[in-house]
Amino acid sequence: MTEILLLTLKISVGAVIFAIGLGARLSHLTYLWRRPALLLRALIAMYLGVPLVAIIMVKVLHLPPGVEVGFLVLAVSAGAPLLPRKLVGIGRDEFVFSLVFTSTLLAIFTVPAWLAVLGPQFGSPAHLAPKQVSLIFAKSFFLPLLAGMVMGRLFPGLAARSRARLMGLSLILLAACALLLLVLHWRVIAQVHWQGILALAVFTLCALAIGHGLGGPAPEDRTALAIACATRHIGIAALVAASLPGPKTAVIIVVYILTAGLIAIPYLRWRRLAQ
């Protein structure tokens, strides 16, 4: 049952990415590449600032081993494929699309590198080679994104009508699988304890602050980068969690997603009022 739920989670993420591709254009994906200063701030926030927070929290708080490995997965999982849906009406599409695409492209190299550096520190046996990561991302991210972009170009009317519906259904399926995973492995949540959940909440707040602070002068870019830092990349997290034995890490990641979502809601409301 757990394997079926994890597979369904991956399929639903792929469907979301396909829906993102329906509205993406090549100029959107390369938006940050043409703005190196903004790109540099985003990379520093996602690939240095947030992982360092994870390392410091694990060293200082002495968390349970399962939660420590969960922090390892969150530290290496930069980016957020679900970002466009969360930032409707706030972030600029071109910034959001480029952030998603660039972070996933860089993950081919950063995920194995961070695992090699952080794995011994967290006592984790996780190991992924760049070739292995690239093949998995090609199937789980780039292929559905490219397919969505091609369909969006060939059938713009159909893509415009179906994009929101497909996105909504996929997110509902993702949420249902996540909740079933929590119910099926409720003992893992008990092992996390309130200290672990509080640590995940503090981690989310720190990630929001890092992204907000480094997001640049444009308010919408600050909001987009803050949410990207806080929500992390579900596809990457699922990939790394699948490389670890047992379902514990995957369940902890689901707990974090729910915790981050609850914390992000008041932040997004504040940003809407500010803008």
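Quick caveat, the model's predicted, so the values are computed rather than measured.

The rules behind these values
Residues numbered from 1 in each chain as written. Predicted model: local features only at pLDDT ≥ 70, side-chain atom pairs only at ≥ 80, totals over all residues. Heavy atoms only, no water. Helix = DSSP H or I, 4+ residues; strand = E, 2+ residues; numbered from the N terminus. Expected span 1.5 Å × (residues − 1). Bend = angle between axes of the 7 residues up to and from the residue. Buried < 20%, exposed > 50% of the residue type's maximum accessible area, 1.4 Å probe, protein only. Polar contact = N/O pair within 3.5 Å; in protein donor to acceptor, adjacent residues only side chain to side chain. Contact = heavy atoms within 4.5 Å.

1. Quick look at helix α8 (residues 156-184)
Helical geometry note: an α-helix holds 3.6 residues per turn, so side chains three or four residues apart project in the same direction. In this model α8 runs 41 Å from its N-terminal to its C-terminal C-alpha over 29 residues, within 8% of the 42 Å that 1.5 Å per residue would give. Roughly 40° is the biggest bend found in α8, and it falls at Ser162. Within the sequence span of α8, burial applies to Ala159, Met167, Gly168, Ser170, Leu174, Cys177, Ala178, Leu181 and Leu182.

2. Some details on the side chain of Thr102
Its place among the elements puts Thr102 in helix α6 (residues 93-122). A polar side-chain atom of Thr102 sits 2.9 Å from a polar atom in the side chain of Trp33. Other than its neighbours up to four places away in sequence, Thr102 contacts Leu29, Trp33, Leu39 and Tyr47.

3. Considerations on the environment of Cys229
The residue Cys229 is located in helix α10 (residues 219-231) in this model. Residue classification places Cys229 among the buried residues on the basis of a relative accessible area of 0%. For the pair Cys229 and Gly49, spaced 180 residues apart in sequence, the C-alpha to C-alpha distance is 9.0 Å. With residues near it in sequence (within four places) discarded, Cys229 still touches Ala45, Met46, Val50, Ala207 and Gly211.

4. Thoughts on helix α3 (residues 36-61)
For α3, which comprises 26 residues, the first-to-last C-alpha distance of 36 Å matches the rise-based estimate of 38 Å (1.5 Å per residue) to within 8%. Largest kink in α3: about 35°, centred on Ala45. One or two steps after α3, the chain reaches His62, where phi turns positive at roughly 55°.

5. Comments concerning the side chain of Ser98
With respect to the helices and strands, Ser98 occurs in helix α6. Using a relative accessible area of 0% as the deciding quantity, one classes Ser98 as buried. Side-chain polar atoms of Ser98 contact the backbone nitrogen of Leu32, separated by 2.9 Å. Each residue touching Ser98, except ones within four places of it in the same chain, is listed here: His28, Leu29, Thr30, Tyr31, Leu32 and Trp33.

In short, shape yes, function no, at least from these values alone.
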